[in-house]
Amino acid sequence: MKLIISISPIITILWILVMSNLVCSKRLLIITPVPSYSHQIVLQTINLALNKRGHEIVTLTPNILSNPNITNYTEIHFHRNKLNSFEYEKIANIDISQVRWNLRLLAELKIRAQLLGHDIANNVLSHPDLMKYYAKGTNAKFDAVITEMFTPATYMLAHRFNAPLIGILTLGLQNYHRFNLGSPVLSSHSSNWELKNHTGLNLSFWKRLENFINTWWDIYSWYNDFIYNQQKIAEKYFGQDIPYITDVAKNMSLILINQEPSFAYARPEIPNVIHFSGIHIAKTPPLLPKDLKKFLDEATNGFIYISLGSIRKSQLLPPKILEIFVNTFANLKYKVLWKFENDNFDVPSNVFTSKWVPQQGVLAHPNIKLFIYQGGLQSTEEAVHYAVPLIGIPFLFDQVCHVMKMVSLGVARYLDIVQLTTSELHDAILEVIDDKGYKDKMLELRALTKDKPYDSLENIIWWIEFVMRHNGAPHLRFNRVDTAWYQQFDFDIIVFLTITSFSVLCVLLIIIGWVSKKVYTYYDIGNRCPLRKWIRNKMKTA
C-alpha cells in the first residue's frame, strides 16, 4: 500500500506531462517542393524538429524519409505519377555549368526558372494526395501552413484552411518580396544577391541608375507577369472568389530565411523576418568511406577539397577549364579530393574523384587545407563551422553575393571562372593555404557565428509555435503595407514637392524676367529722350 502511494504522484506527474503535450500539439501543413537536395536537408531538419515537439506534420517534398519509426508524420511524395512530373529531372536538363560563358543562356535560365515555378505550383496543387486535404467538402484542419516562397500560388492553402501563413526561403529575400511585404527596397545595396556583383560601396551615378532601373523592372515584371500567372493557377484549383496572392502574402505571420546574419550584409528588416542558419550541420560529422578515409589520412601535407555543389556538374565544364584544374592540381604538393561525376575522367595521381562525397565529414578532417567551392549557402555555413578557408568560383543566383561577402571578411579568394588561368588558380591556392591570416580570420568568424543567446533551430521552432499559439502574428506585420505603393514610399510627396519647387522657380524666373524687362525698357527710353540727350551733350562740352 505504501508503495502504491509513493508511486502515484509520479504517475500523476507523467500523466500531466503526457496530456499537456497532447493538448499543446498542433497540426502543420508544410509545402517544400523545390528540387534542391541541399535545401531539402535544411527543410527536413525543421520538419523533424517540429514533429519531435509533438506536432503532427503533413509535408509535400521531393525527398521523402520513408521512416516508419516516425509517427504523426505524413509525407506526400512529390514524385512522378500520371498527374505529376518529377522536378529533379527538369533541373538536371538545365546545364547551369555553362551560364557564365553564355549570356543568352543566362537570360533563358531566368525565363525557365519562372516557368518552373508555374510548373511546380501546378503539380503541387494537382497532386491527388494533397487535394484530398483541401478539396471542397473535406473537413481537414491545420494550425499553420508553411510553404516555400518560390511558388506563391501555394499561399492560398493558408486561406483555404483559415490558418496562419509562414513563408520560408533557403535564399535571401528578393526585392519584389521586400516591396510586397513593406521592407525597404535598396536598389544598390550589397545584399541584393539577384544583382550579382553589380552592387557595392561608392558606386558611380550611372551604375546606381542601372541598378535602380533593373530593380524596379524586376518588381514590375514579378507583379504583372509571374504573380498574374500564379494567381491564375490558384484560381484553377481554389475558384474565382479567392483574394489576390499578394494580399495573402502581405498577411504572412513569419518569413523564415536561411541566412546567417554574421556573414550577410546588414540591412533594415521588418519585424516578422526571422533568420536561421546552420541547422543542417550534424553534431557528429558523417563517417567517410574506407577508400576515401585512407586517401585523406595519408595526405600528410594536407589536402584540398573541390566541389561545385549538387546542381552544377564539374564534368560539364568546358574542356579548357577542366585542363586548367588538372594542370594546376598536378603541380601541387597537396592531395586533392574532387567531387566529379565521371569515373572515367583522367586525373593526376594526387587527385581522388568521387560522384558523391560526405561533405561535412571531409570538412571536419584534420588534414584539410582549403575548400574550393561554388559559393552555395549550405557549403558556406559548413566551411565556417569547420573553419576551412575558401576559394569561391561562383556561377549564378546567390553564389556571387556569398563569395563576395566571404572575401570582405578575409576568409576567401574570389576567382572568375570565365577568365580563369592556370597561374591564377595556382597562385590563389598557395596564397590561401600559406597565408595564416585566412585560417585565423575563419576561426574568428566561426566564434562569432556561435556566440548567440539561443540555438538557431530552437529559435525558429519557438517562433512557429508562437504563431500557432496566437493564431497568427499581425502585430509583427508592417502596418503600412496595405497603403498604396506611392504613399508608402512618399513618392506622391516627392512628386508634389518637385512640381511645387519647379513651379515656384518658374514664377520667380518670370518675375525676374518681367522686372528686368521693365528696367531695361525704362533706361532704354530714357537714353532716347531728346531733352536728356541735349543735357548730356551740354555737360560733355562744358
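About the thresholds
Residues numbered from 1 in each chain as written. Predicted model: local features only at pLDDT ≥ 70, side-chain atom pairs only at ≥ 80, totals over all residues. Heavy atoms only, no water. Helix = DSSP H or I, 4+ residues; strand = E, 2+ residues; numbered from the N terminus. Buried < 20%, exposed > 50% of the residue type's maximum accessible area, 1.4 Å probe, protein only. Contact = heavy atoms within 4.5 Å. Areas by Shrake-Rupley, 256 points an atom, 1.4 Å probe, with all protein chains shown as cover. UniProt positions renumbered as here; feature names shortened; annotations may be inferred. Pairing = 2+ DSSP bridges. Axes fitted to C-alpha atoms, helices over the stretch in contact; angles between N-to-C directions. Phe/Tyr/Trp six-rings, centres within 6.5 Å; stacked < 30°, edge-to-face > 60°. Lys NZ or Arg CZ within 6 Å of the ring centre and 35° of its normal. Salt bridge = Lys/Arg side-chain N within 4 Å of Asp/Glu carboxyl O.

**Q** How should the overall build of the protein be read in this particular structure?
**A** Counting its regular elements, the protein contains 20 helices and 13 strands. Expressed as a percentage of its 542 residues, the buried residues of the protein come to 48%. Residue pairs at least 24 apart in sequence account for 66% of intrachain contacts in the protein once pairs closer than 6 positions are excluded. Summed over all atoms, the accessible surface of the protein reaches about 28,200 Å², with 60% contributed by carbon and sulfur.

**Q** Looking at this structure, how should I read the environment of A144?
**A** Note on placement: A144 falls in strand 4 (residues 144-148). By relative accessible area, which is 0% here, A144 ends up buried. When the C-alpha positions of A144 and I166 are compared, they lie 7.3 Å apart, and in sequence the two are 22 residues distant. The contact partners of A144, leaving out residues within four places of it in the chain, are R27, L28, L29, A163, P164 and M468.

**Q** What should I look at first to understand the UniProt feature "transmembrane region" (unreviewed entry) in the protein in this one?
**A** Mapped onto the present numbering, the UniProt feature "transmembrane region" (unreviewed entry) falls on residues 493-515. The straight-line gap between the two end C-alpha atoms of residues 493-515 is 32 Å; of that span, 100% is helix and 0% is strand.

**Q** Honestly, the sheet that holds strand 11 (residues 368-373) in this entry has me stumped. Any pointers?
**A** The strands that make up a sheet are held in pairs by hydrogen bonds between backbone atoms, and each pair lies either parallel or antiparallel. Spatial ordering of the open sheet is given by 10-9-8-11-12-13, a layout of six strands whose pairing is parallel. The sheet is open, and its two edges are formed by strand 10 (351-354) and strand 13 (412-414), each paired on a single side. For this sheet the average axis-to-axis angle between neighbouring strands, irrespective of direction, equals 15°. Set on the sheet, helix 11 (residues 319-330) makes contact with strand 8 (303-307), strand 9 (335-339), strand 10 and strand 11; between it and strand 9 the angle comes to about 155°.

**Q** Even after reading the chapter, I still don't get the packing of aromatic side chains, so can you show me in this structure?
**A** Two descriptors summarise a pair of aromatic rings, namely the distance from one centre to the other and the angle between the planes of the rings. Applying the stated criterion to the full structure yields 23 aromatic pairs. Geometrically, the ring pair formed by F205 and W206 is edge-to-face, given 5.0 Å between the ring centres and 80° between the ring planes. For F205, a relative accessible area of 48% puts it in the partly exposed group. On the accessibility criterion, W206 (63% relative accessible area) is exposed. Relative to Y373, the ring of F371 has its centre 5.3 Å away and its plane inclined at 40°; by these criteria the two rings are tilted. A connected cluster of aromatic rings, assembled from ring pairs, spans Y176, F179, F212, W216, W222, Y223 and F491. When the ring centre of F142 is taken as origin, the NZ or CZ atom of R27, which lies over that ring, is 4.6 Å away. The positively charged end of K405 is found above the aromatic ring belonging to Y265, 4.7 Å away from the centroid.

**Q** Got a minute to help me understand the pattern of salt bridges in this structure?
**A** Per the stated rule, a full pass over the model turns up eleven salt bridges. Across the pair E210 and K207 runs a salt bridge whose closest N-O atoms are separated by 3.5 Å. On the criterion of helical spacing, the pair formed by E210 and K207 is a turn pair, its members being three residues apart in helix 8 (residues 205-238). A salt bridge links K294 to E298; the shortest N-O distance between them is 2.8 Å. What you see here is one network of salt bridges that share partners, running through K294, E298 and K335.

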